[in-house]
Amino acid sequence: MNLFDVYTLFDVIPVKGQGCHVWDDKGTEYLDLYGGHAVISIGHTHPHYVKAVTDQLNKIGFYSNSVINPLQSKLAEKLGKLSGLTDYSLFLCNSGAEANENALKLASFHTGRSKVVAFRHSFHGRTSGAVAVTDNPKIVSPFNACHQVCWANLNDKDSVWSYLSAGDVAAVIIEGVQGVGGINIPTPQFLADLREMCDKTGTQLVLDEIQSGYGRTGKFFAYQHSDIKPDIVTLAKGIANGFPVGAIMVNPKFEPVKGRLGTTFGGNYLGMAAAIAVAEVYEDEKLEKNSAEIGKYLLDSIKTIAKGSDKIKDVRGVGLMIGIEFHEPMAEIRKKLLFEKHIFTGVAGANMIRLLPPLCLTKDEADRFLTAFKEVI
Ligand SMILES: *Cc1c(COP(=O)(O)O)cnc(C)c1O
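Rules of the game
- Residues numbered from 1 in each chain as written.
- Predicted model: local features only at pLDDT ≥ 70, side-chain atom pairs only at ≥ 80, totals over all residues.
- Heavy atoms only, no water.
- Helix = DSSP H or I, 4+ residues; strand = E, 2+ residues; numbered from the N terminus.
- Rg over C-alpha atoms; globule rule 2.2 N^0.38 Å.
- Buried < 20%, exposed > 50% of the residue type's maximum accessible area, 1.4 Å probe, protein only.
- Contact = heavy atoms within 4.5 Å.
- Lys, Arg positive; Asp, Glu negative; His and termini not counted.
- Charge placed at Lys NZ, Arg CZ, Asp CG, Glu CD.
- Near = heavy atom within 4 Å.
- Polar contact = N/O pair within 3.5 Å; in protein donor to acceptor, adjacent residues only side chain to side chain.
- Areas by Shrake-Rupley, 256 points an atom, 1.4 Å probe, with all protein chains shown as cover.
- Pairing = 2+ DSSP bridges.
- Salt bridge = Lys/Arg side-chain N within 4 Å of Asp/Glu carboxyl O.
- Patch = residues over 30% accessible without salt bridge, like charges linked within 9 Å, V, L, I, M, F, W, Y side chains within 5 Å.

Participant: Would you explain the overall build of the chain in this entry?
Facilitator: Each helix and strand counted, the chain has 11 helices and 15 strands in total. On C-alpha atoms alone, the chain measures out to a radius of gyration of 20 Å, which is about the 21 Å that the 2.2 N^0.38 rule sets for 377 residues. In terms of overall dimensions, the chain has C-alpha extents of about 55 × 55 × 45 Å along its principal axes. Within the chain, the fraction of its 377 residues that count as buried is 53%. Restricting the contact set of the chain to residue pairs at least 6 apart, pairs at least 24 apart contribute 73%. When the 39 positive and 41 negative side-chain charges of the chain are each reduced to one mean point, those points stand 1 Å apart.

Participant: When you look at the site of the ligand in this model, what are you seeing that I'm missing?
Facilitator: Taken together, Ser 95, Gly 96, Ala 97, Asn 100, Phe 123, His 124, Gly 125, Glu 175, Asp 208, Ile 210, Gln 211 and Lys 237 make up the full set of residues adjacent to the ligand. Gly 96 is positioned such that a nitrogen or oxygen atom in its backbone is 2.8 Å from an oxygen atom of the ligand. Residue Asp 208 places a side-chain N or O atom 2.7 Å away from a nitrogen atom belonging to the ligand. Contact with the protein chains covers 81% of the free accessible surface of the ligand, which is 380 Å². Looking at the shell around the ligand element by element, the count peaks at 3 residues for helix α4 (residues 96-111).

Participant: I tried to follow the pairing of strand β9 (residues 232-235) on my own but got confused; where do I start?
Facilitator: The side chains of a regular strand alternate between the sheet's two faces. Both faces of β9 are covered, namely the face carrying Ile 232 and Thr 234 and the face carrying Val 233 and Leu 235. The pairing of strand β8 (residues 204-208) with β9 spans 3 bridges and is parallel. Opposite Val 206, over in β9, you have Ile 232 as the bridge partner. In this structure, β9 lies alongside strand β10 (residues 246-250), joined through 4 bridges in antiparallel fashion. Following the sheet pairing, Leu 235 is matched in β10 by Ala 247.

Participant: Looking at this structure, how should I read the pattern of salt bridges?
Facilitator: Side chains that carry opposite charge are capable of pairing whenever their charged atoms lie near each other. Following the criterion strictly, the structure yields 18 salt bridges and no others. A salt bridge links Arg 120 to Asp 135; the nearest nitrogen and oxygen atoms lie 3.3 Å apart. In this pair, Arg 120 is assigned in the loop between β5 (115-119) and α5 (128-132) and Asp 135 in the loop between α5 and β6 (148-152), connecting sequence segments 15 residues apart. Relative accessible area serves as the criterion here: at 23%, Asp 135 is assigned to the partly exposed category. Here Arg 316 ties to Asp 314 by a salt bridge, and the two come within 2.8 Å at their closest N and O atoms. On the basis of relative accessibility, which here comes to 31%, the residue Asp 314 falls in the partly exposed class. Counted as one network, the salt bridges with shared partners bring together Arg 195, Asp 199, Asp 231 and Lys 253.

Participant: For this particular structure, what's the right way to read a nonpolar patch on the surface?
Facilitator: On the surface, a nonpolar cluster with roughly 590 Å² of combined accessible area is contributed by Phe 4, Val 6, Tyr 7 and Leu 9. The topology assignment puts Leu 9 in the segment before β1 (14-18). The class of Leu 9 is exposed, set by a relative accessible area of 71%.

Treat this as a map of the structure, not an account of what it does.
Laid out in structure tokens, this is it:
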């Protein structure tokens, strides 16, 4: 059987990882500024993480959500502390798309409404509801498009109010920082406006922090650069450093009706052991602070390089979530970074290189990229 060929692949076979470094099957070392798409948060094969997951596998690998699993409550307590949302509740699932599905479902149940406001250039995942609120016609089928989605523009209060004012919208869903759409950052004022408009109309504010959360922007959640609190926050990617875990944090006003949400694998022992280990390393190694500091250094340095280059249109980002936008497609530059300089980077559209390194990136590693990047462009 062949693989269903839906991914654009680079000709690299990683077989080993450590920290911000990956080795391929020929022994070549790469600097990883992509983190397997913002997933590797604490670094590859962190010893505390490896031990926690293997120890757990030796104890018990799986049981169902019909019994008590104390690891789930332990994770909830840790995430409450890290996020400051101590009075919120945690529901566990397996991926980002699934987290958003559950958030939208909960908002719809809570309000009895079926419309959702989403933003242009959004990405929220590929399952039916999540892809319906994703602004990309290439991946939204006619079946997905049956959902009642209203499209607003980021940082444009009036475009949101034109829908919310009718009082029939269940939720507004917004990324903490738009990732796939090109590192577009909602202003603190816009988030405050959203909060106010949602409060006025009984609309639930859902913050998708799947990519921008867990320290990526130098705060635990990207929305914490503002003063608001969302009704529901969704999490995945960096939460378990590569073990598939998704989660939603819900405001105490939501009633946990038995059977309303559920999943077979969500909250499983191995995922919980992985996620707890990530939370421990995140705190111990002060990764949030590192993300803010190295992120600022990297962003400022890239901006300086950009000033001397007519190829670069804009550099923007926050923490270790950085987009370098070129006037023209950058595929060749990215290929050179990978095959000549041995540096993994991500993309956001044809013209943007997106950096999403592990949060433990050091200044030396940042410098290695800066030198290579200068040479390549
Ligand atoms: C990756 C991502 C998702 C989807 O997560 P999956 O785990 O791939 O389902 C949703 N929202 C944002 C902002 C993402 O970056």
